[in-house]
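Coordinates in review
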Amino acid sequence: MKVEEKVALCAIRQHQDSHIEIDQACCSRCPTRICLRACPAGLYSLSDESAPIKLDHSGCLECGTCMIVCPLSAVSWNYPAPGFGIHYRHG
Ligand code: SF4
Ligand code: SF4
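Summarised in this report is the structure supplied together with it. If you're wondering where the values come from, they're calculated on a predicted model, not measured in any experiment.

**Regarding the overall build of the chain**
Of the regular secondary structure elements, the chain holds 4 helices and 6 strands. Going from N to C terminus, the chain has its helices and strands arranged as α-β-β-α-α-β-β-α-β-β. At 14 Å, the chain has a C-alpha radius of gyration in line with the 12 Å of a compact globule built from 91 residues. Overall size of the chain, expressed as C-alpha extent along the three principal axes, is 40 × 30 × 25 Å. Relative to its 91 residues, the chain shows a buried fraction of 33%. Long-range pairs, those at least 24 residues apart, make up 64% of the contacts in the chain between residues at least 6 apart in sequence. When the accessible surface of the chain is summed, it comes to about 6100 Å², and 52% of that surface belongs to carbon and sulfur atoms. Between the mean site of the 8 positive side-chain charges and the mean site of the 9 negative ones, the chain shows a separation of 6 Å.

Spelled out as structure tokens, the structure:
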């Protein structure tokens, strides 16, 4: 089964507030921007606004990859509020 097929099995109850914060000042001088490639749900993207990196937290799989791979420790990660976030339908 492909990753995309596995992701499609998940159910996510979105919270309006993001459980992940990014230090955009770090992103401005990031040598890799590896978050753009490492997030399995593809939630990181380049922005043409004042902040260089955009994150759509609503599809987060809560894997923690973005926090681990960030070379500048720019990702502040918390679990979503109780009752929100991902539910894995098959354990
Ligand atoms: S890897 Fe970290 S510092 Fe680099 S762009 Fe992504 S979040 Fe910002
Ligand atoms: S925790 Fe995982 S799914 Fe969520 S934004 Fe980070 S890398 Fe993407």
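Here the narrative resumes, following the displayed structure.
**As for the site of ligand 1**
Taken together, I22, C27, C30, R33, I34, C35, I53, C70, P71, A74 and V75 make up the full set of residues adjacent to ligand 1. Broken down by class, the residue content of the shell around ligand 1 amounts to 10 nonpolar, no polar and 1 charged.

**Topic: the nonpolar core**
Buried together is how nonpolar side chains tend to be arranged in soluble globular proteins. Counting 16 residues, the largest nonpolar core has I20, I22, Y44, I53, L55, C66 and V75 as the members making the most contacts within it. Secondary-structure elements contributing two or more residues to this core are β2 (20–22), α2 (24–28), β4 (53–55) and β5 (75–77). Other than its neighbours up to four places away in sequence, I20 contacts Y44, L55, C60, C66, V75, S76 and W77.

**Regarding the packing of aromatic side chains**
Overall, the coordinates contain 1 aromatic pair when judged by the stated rule. When the centroid spacing of 5.0 Å and the interplanar angle of 80° are considered together, the rings of W77 and Y79 count as edge-to-face.

Cut-offs applied
Residues numbered from 1 in each chain as written. Chains lettered and ligands numbered in written order. Predicted model: local features only at pLDDT ≥ 70, side-chain atom pairs only at ≥ 80, totals over all residues. Heavy atoms only, no water. Helix = DSSP H or I, 4+ residues; strand = E, 2+ residues; numbered from the N terminus. Rg over C-alpha atoms; globule rule 2.2 N^0.38 Å. Buried < 20%, exposed > 50% of the residue type's maximum accessible area, 1.4 Å probe, protein only. Contact = heavy atoms within 4.5 Å. Areas by Shrake-Rupley, 256 points an atom, 1.4 Å probe, with all protein chains shown as cover. Lys, Arg positive; Asp, Glu negative; His and termini not counted. Charge placed at Lys NZ, Arg CZ, Asp CG, Glu CD. Near = heavy atom within 4 Å. Nonpolar A, V, L, I, M, F, W, Y, C, P; charged D, E, K, R; others polar. Core = buried A, V, L, I, M, F, W, Y, C linked by side-chain atoms within 4.5 Å. Phe/Tyr/Trp six-rings, centres within 6.5 Å; stacked < 30°, edge-to-face > 60°.

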